[in-house]
Amino acid sequence: MRAALARLAEARVARVRDRIVAALADEGVEAVIEGEAVRAQGAGLLGRWARDLALREAGRGR
């Protein structure tokens, strides 16, 4: 029973990671899953940061 619950939880987390990667791709940001982390990278991320004032300001603690 415990193993089955663990598998279900792991499957749910994997689906969430996949949705995050897909959402980033929709915004033009390249992302990959590395272990338990989702890593955003590439020109899409830099471009989004450069175009989005709110995103830049968030990084400044505002």
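Scroll up to find the structure.
Everything numeric in this text was worked out from a predicted model, so none of it was measured.

### Brief notes about the overall build of the protein chain
Right, so step 1: When its secondary structure is counted, the protein chain shows three helices and two strands.
Right, so step 2: Overall, the protein chain shows an N-to-C arrangement of helices and strands of α-β-β-α-α.
Right, so step 3: Across the 62 residues of the protein chain, 11% fall into the buried class.
Right, so step 4: Put simply, 0% of the contacts in the protein chain that link residues at least 6 apart link residues at least 24 apart.
Right, so step 5: For the protein chain, the accessible area works out to roughly 5000 Å², and carbon and sulfur atoms hold 57% of it.

### A look at the environment of Q41
Right, so step 1: For Q41, the position within the fold is in strand 2 (residues 37-41).
Right, so step 2: With relative accessibility at 32%, the residue Q41 sits in the partly exposed group.
Right, so step 3: Put simply, Q41 and A31 are ten residues apart on the chain and 5.9 Å apart in space, counted from C-alpha to C-alpha.
Right, so step 4: Setting aside chain neighbours within four positions, we find Q41 in contact with V29, E30 and V32.

### Observations regarding the pairing of strand 1 (residues 30-34)
Right, so step 1: Alignment of strand 1 against strand 2, held across five bridges, turns out to be antiparallel. Paired with A31 across the strands is A40, a residue of strand 2.
Right, so step 2: What sits between strand 1 and strand 2 in their antiparallel hairpin is a turn of two residues, with G35 showing a positive phi close to 65°.

Procedures and definitions
Residues numbered from 1 in each chain as written. Predicted model: local features only at pLDDT ≥ 70, side-chain atom pairs only at ≥ 80, totals over all residues. Heavy atoms only, no water. Helix = DSSP H or I, 4+ residues; strand = E, 2+ residues; numbered from the N terminus. Buried < 20%, exposed > 50% of the residue type's maximum accessible area, 1.4 Å probe, protein only. Contact = heavy atoms within 4.5 Å. Areas by Shrake-Rupley, 256 points an atom, 1.4 Å probe, with all protein chains shown as cover. Pairing = 2+ DSSP bridges.

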